[in-house]
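Here's the letter readout for the chains.
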Amino acid sequence: MDFRSKLVTTLALAALSVFSLQSAEAALDVDPDSSLPDAGALNTMAKSAVTAAFLNSLKAHTSKIRDYKVYCRLYTRKGGAWKDYGAADYIYKYRGLFKATIKSKDYRNGSVVARDSNGTIKGCGGGALSFMKITLKEDSRTLQLPTGYSLAKSDFASLYDGLASTLSGGATATMTASANVKAFPEQVSIIVLRQGAASDSPIVEVLYISNDTKTPVGWHTFQNGVPHAVVLFQNLETNKGLSEDLFAL
């Protein structure tokens, strides 16, 4: 396998698992089953309809964030057990600039995917492959995440746009404005998206939103009504004056 082929494979594996697969035997920093409410609890907690005013308030707060950095952890569920799929340092700047730096214990550690000020998305491998770079298309499968979202549209504003699009497509949403959830150090709002209008319609996604910053602190996706993946957003820092140079590869 030549260097370019190996780099493409590296980036594909890293991005498709979001933040690189770690050992399945490693202890979970957060156990989603014990740290997040189950479907029964969510049915009890999230009873109020999600209003357009609330969605607008989320977008309004997000529009005030010109740049940010956040640490992301991903967990996926397979065979009835949660696996820790690693982490990424993620930075964002208005106009869609982003950079995700993979954190793992294998050869993919240090891999980077970024969109620069010209709107070009590039990737490079970690370690010995760091000098090799490739250009990626916006809709590249390499950027597709286990959550169903694209790494190219995983900033807070795009995630909220995705929420609005899901609702306009026929999904329904209920919420609770304030709740204590073990996985988070602060009270959060919880939004539960369902496939349809019926109260027993399968859950599609659950959003945990900081009541302080109005940004997501957790994004829980389901497949066929069963928990599938969780992304936790930790150590958020906003409006740091990040230079555009940080997003160039």
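Residues numbered from 1 in each chain as written. Predicted model: local features only at pLDDT ≥ 70, side-chain atom pairs only at ≥ 80, totals over all residues. Heavy atoms only, no water.

A. How the structure looks around the side chain of Arg73. Within the element layout of this structure, Arg73 appears in strand S2 (residues 67-78). Within the local environment of Arg73, its side chain forms a polar contact with the side chain of Tyr71, the two groups lying 3.2 Å apart. In terms of polar contacts, Arg73 uses its side chain to reach the side chain of Tyr75, at 3.4 Å. (Helix = DSSP H or I, 4+ residues; strand = E, 2+ residues; numbered from the N terminus. Polar contact = N/O pair within 3.5 Å; in protein donor to acceptor, adjacent residues only side chain to side chain.)

B. A look at helix H5 (residues 156-168). Compared with an ideal rise of 1.5 Å per residue, which puts 13 residues at 18 Å, H5 spans 19 Å between its outermost C-alpha atoms and is within 8% of the ideal. Along H5, the positions that sit buried rather than exposed are Phe156, Leu159, Tyr160, Gly162 and Leu163. All buried residues of H5 project into a common sector of 150 degrees when viewed along the axis, lining one side. One or two positions beyond H5, positive phi appears at Gly170, with a value near 115 degrees. (Expected span 1.5 Å × (residues − 1). Buried < 20%, exposed > 50% of the residue type's maximum accessible area, 1.4 Å probe, protein only. Arc of directions from axis to C-beta.)

C. Local environment of the sheet that holds strand S7 (residues 133-136). Ordered by their spatial adjacency, twelve strands build an open sheet running S1-S8-S9-S10-S11-S12-S2-S3-S4-S5-S6-S7, and the pairing between neighbours is antiparallel. Pairing within the sheet leaves two strands with one partner each, and these edge strands are strand S1 (48-49) and S7. Direction of pairing for S2 relative to strand S12 (residues 226-238): antiparallel, over a ladder of eight bridges. If you follow Cys72 over to S12, its bridge partner there is Phe233. (Pairing = 2+ DSSP bridges.)

D. Just the environment of Gly86, in detail. Tracing the sequence through the fold places Gly86 in strand S3 (residues 81-93). A relative accessible area of 0% places Gly86 in the buried class.

E. Looking closely at the pattern of salt bridges. Applying the stated rule across the entire model yields seven salt bridges. For Asp29, the salt bridge identified is with Arg73, shortest N-O distance 3.6 Å. One end of the pair, Asp29, is in the loop between helix H1 (3-16) and helix H2 (32-35); the other, Arg73, is in strand S2, and 44 residues separate them in sequence. Note that Asp89 and Lys103 form a salt bridge whose closest N and O atoms lie 3.4 Å from each other. Of this pair, Asp89 sits in strand S3 while Lys103 sits in strand S4 (residues 97-103), and the two are 14 residues apart along the sequence. Through salt bridges with shared partners, one network takes in Asp29, Arg73 and Asp84. (Salt bridge = Lys/Arg side-chain N within 4 Å of Asp/Glu carboxyl O.)

F. Geometry of the nonpolar core. Residues Tyr90, Phe98, Ile191 and Phe233 are the most contacted members of the largest nonpolar core, which totals 37 residues. Apart from residues lying up to four places away in sequence, Phe233 is in contact with Val70, Tyr71, Cys72, Phe156, Leu159, Pro216, Val217, Gly218 and Trp219. The next biggest cluster of nonpolar side chains, apart from the first, holds 20 residues, and it includes Leu36, Ala179, Tyr208 and Val217. (Core = buried A, V, L, I, M, F, W, Y, C linked by side-chain atoms within 4.5 Å. Contact = heavy atoms within 4.5 Å.)

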